[in-house]
Amino acid sequence: MNCIYCYQGVKYDIVKESYMSPEEFCKFFPENKLYHIVYFGGEPFLSYDYLIKMTDIIKKKNPLAKFSVVTNGSLITEERVKELNERDIRVTISHDAVSQKITRNKVDILETNGETISKIKKLGFISTLTKYNYDYFKNWEYFENFRNKYNIDRPTVTHAGVRDLLNNISDDLFIYNNKEYEEMLDKVFEQLKNDILSNNTNSYAFKAFSKIFTRLYYECMLGQGVTPCYSNESVL
């Protein structure tokens, strides 16, 4: 999609002949253990058949395994939604909400393919924050409009900062030391406090930070000598 903040910096050719076969690759994954596999890229759907075959092999040897994929959504089809749902794969779409057409090459897949995407059972979004979309509330409103249009459950919306790993991203995209951003975050945490006090666990604010709460809780319990049973998932 040629995103303006892509940290890869250059385009890579996919040489599928160099891939290890799914059967060989899956030998590295243990049986009867709880773990979470996340497919991401680049764009993982460029190797969609490989992804599906790998998922099927691991599910057969280990029913406890969980699966997610992070995609830009441009290669999602009705048939693929059906296959992803059948395998209980969580789909997180990289989408920048109010700035999608600016930061992701003038394409908004929720406008061009929204009905198909709305059929994904486990759906979430991750927005990369720049000067164009740093307001959480405006982004949440954007996804809420999408949710209401297709009458679906409220998705989880995660915000992530720009990463300039190769020093090739324009400095003016970053939002560090942005007073308006800091003031907005104060309002977000005030909203979060109100949601907690009112037991509103279905809000965008609560969903966005619930994983952090869970991790902090478990770490506190571990510090007291309590061993909880939970998967070692990353906090997004």
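The structure this text deals with has already been given above.
This report concerns the structure included in the present document.

The rules we used
- Residues numbered from 1 in each chain as written.
- Predicted model: local features only at pLDDT ≥ 70, side-chain atom pairs only at ≥ 80, totals over all residues.
- Heavy atoms only, no water.
- Buried < 20%, exposed > 50% of the residue type's maximum accessible area, 1.4 Å probe, protein only.
- Helix = DSSP H or I, 4+ residues; strand = E, 2+ residues; numbered from the N terminus.
- Pairing = 2+ DSSP bridges.
- Right-handed = clockwise from strand over helix to strand, strands pointing away.
- Axes fitted to C-alpha atoms, helices over the stretch in contact; angles between N-to-C directions.
- Parallel < 35°, antiparallel > 145°, perpendicular 65-115°, else oblique.
- Contact = heavy atoms within 4.5 Å.
- Phe/Tyr/Trp six-rings, centres within 6.5 Å; stacked < 30°, edge-to-face > 60°.
- Lys NZ or Arg CZ within 6 Å of the ring centre and 35° of its normal.

### Quick word on the pairing of strand β4 (residues 123-129)
Each regular strand displays side chains that alternate between the two surfaces of the sheet. Along β4, six of the seven residues are buried, which leaves the element largely enclosed by surrounding structure. Direction of pairing for β4 relative to strand β5 (residues 156-161): parallel, over a ladder of six bridges. Considered in β5, the bridge of S127 is made with H159. Where the polypeptide runs from β4 across helix α7 (residues 136-150) and back to β5, its parallel neighbour, the crossover connection is right-handed.

### Observations regarding the packing of α7 against helix α8 (residues 179-197)
One can describe the packing of α7 onto α8 by two numbers: an axis separation of 9 Å at closest approach and a directional angle of 60°. Here α7 is positioned oblique relative to α8, judged by the angle of their axes. Between α7 and α8, the residues in contact are Y136, F137 and W140 and Y181, M184, L185, K187, V188 and Q191, respectively.

### Observations regarding the packing of aromatic side chains
If you walk through the whole model with that rule in mind, you get 14 aromatic pairs. Ring geometry for Y134 versus Y181: centroids 6.2 Å apart, planes at 90°, classification edge-to-face. Taken together, the positions of Y134 in the loop between β4 and α7 and Y181 in helix α8 put the pair 47 residues apart, joining distant regions of the chain. Through a chain of ring-to-ring contacts, three or more aromatic side chains come together here, namely F125, Y142, F143, F146 and Y150. Positioned over the ring face of Y48 is R80, at 4.2 Å from the centre of the ring.

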